[in-house]
Amino acid sequence: MKTGRKKILWLSLLAIFALVLTACGGSSKEPTPTPLNPNLIAAQAIATFSMGLTQTAFAQPSLTPSLTPVPTTTVQATFSPLGTNTASVAATSACDVSVFITDVTIPDGTLMAPGQNFDKTWRIQNSGTCSWTATYKAVFTGSGNGPMGAVSTPIGKVVGPGESIDITVEFVAPTAPGDYVSWWKLQNDAGTFFGTPFSVAIKVVGAGNTTTPTETPTATP
């Protein structure tokens, strides 16, 4: 009985010793290297190269070229208001200037009979820098009670700067009683009014010129 137990004990010790030797011997052996796959190496190299390019691209972003605008010349058109000639207005204001001096005939408030013909004369001075031609004229401006039968009248002579002229226009008094006024102004050869206006103002008194029809007697047989 004791002999059997001793045998079992020795066998166990031998087994343990064998295991220890096996472990020590296994640890001393170097692992067998695994053969390398060429395709795997190439794929890893390509992946590594691509990753390097990507990192370089992020580290150094591409520069966006900046475009320098080419200077352009802007032409600004200047427009004058419709119906206004700036040059002619400036020239007229400096060139054609007239000043009313006095009424030579028919002072304001002169009494007139209905339908009476009369001549009104004004004295006007050329206060501008240009001479007036003989075709400059006195023209009704549209203000007042109408032209009272008068028409545009040329001044009839050349008037130099600083000179004065007497301008006469023929009028016809209205037929109805009342106070009447008519405003006039000088006009140059271009048809432009200039200078100070002048007027004729009258008072019509009395009955109008009316004709009463007369009956023709009828003969009685």
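Structure first, text after, so check above.
Below: a short report on this structure. What you are looking at is a predicted structure, and each value in this text was computed from that prediction instead of being measured.

It is worth spelling out the nonpolar core at this point. The biggest cluster of nonpolar side chains holds 25 residues, and the ones touching the most others in it are Trp132, Phe171, Leu186 and Ile202. Put simply, the parts of the chain that give this core at least two residues each are β3 (117–126), β6 (164–172), β7 (178–187) and β8 (193–204). Element by element, the count of residues in this core is highest for β8, at five residues. Not counting residues up to four positions away in its chain, the partners in contact with Leu186 are Ser98, Ile124, Trp132, Lys137, Ala138, Ile155, Ile167, Thr192, Phe193, Phe194 and Phe198.

Here we take up the packing of aromatic side chains. All told, the structure shown has eight aromatic pairs when counted by the stated rule. Look at Tyr136 and Phe194: their rings are 5.8 Å apart centre to centre, the planes differ by 70°, and that puts the pair in the edge-to-face class. Note that Tyr136 is positioned in the loop between β3 and β4 (137–144) and Phe194 in strand β8, a separation of 58 residues in sequence. In terms of burial, Tyr136 and Phe194 fall into one category: buried. The structure contains a cluster of three or more aromatic residues connected by ring pairs, namely Phe118, Trp122, Phe140, Phe171, Trp184 and Phe198.

A few words on the sheet that holds strand β1 (residues 98–103). Strand order in the open sheet formed by three strands is β1-β3-β6, with antiparallel pairing between adjacent strands. Whereas interior strands pair on both sides, the edge strands pair on one side only; in this sheet they are β1 and β6. Strand-to-strand, the axes of this sheet are offset by a mean angle of 35°, without reference to chain direction. Pairing analysis gives nine bridges linking β3 to β6, with the strands arranged antiparallel. Each residue of the ladder has a partner; that of Asn117, found in β6, is Val172.

Mapped onto the elements, Lys120 comes out in strand β3. Side chain to side chain, Lys120 and Asp103 meet in a polar contact 3.0 Å long. One polar contact links the side chain of Lys120 to the main-chain carbonyl oxygen of Thr105, over a distance of 3.1 Å. Those residues in contact with Lys120 that lie beyond four places of it in its chain are Asp103, Thr105, Ile106, Pro107, Asp108, Ile167, Thr168, Val169, Phe171, Ser199 and Val200.

Criteria and cut-off values
Residues numbered from 1 in each chain as written. Predicted model: local features only at pLDDT ≥ 70, side-chain atom pairs only at ≥ 80, totals over all residues. Heavy atoms only, no water. Core = buried A, V, L, I, M, F, W, Y, C linked by side-chain atoms within 4.5 Å. Buried < 20%, exposed > 50% of the residue type's maximum accessible area, 1.4 Å probe, protein only. Helix = DSSP H or I, 4+ residues; strand = E, 2+ residues; numbered from the N terminus. Contact = heavy atoms within 4.5 Å. Phe/Tyr/Trp six-rings, centres within 6.5 Å; stacked < 30°, edge-to-face > 60°. Pairing = 2+ DSSP bridges. Axes fitted to C-alpha atoms, helices over the stretch in contact; angles between N-to-C directions. Polar contact = N/O pair within 3.5 Å; in protein donor to acceptor, adjacent residues only side chain to side chain.

Interpretation note: all reported values are geometric properties and have no functional meaning in isolation.
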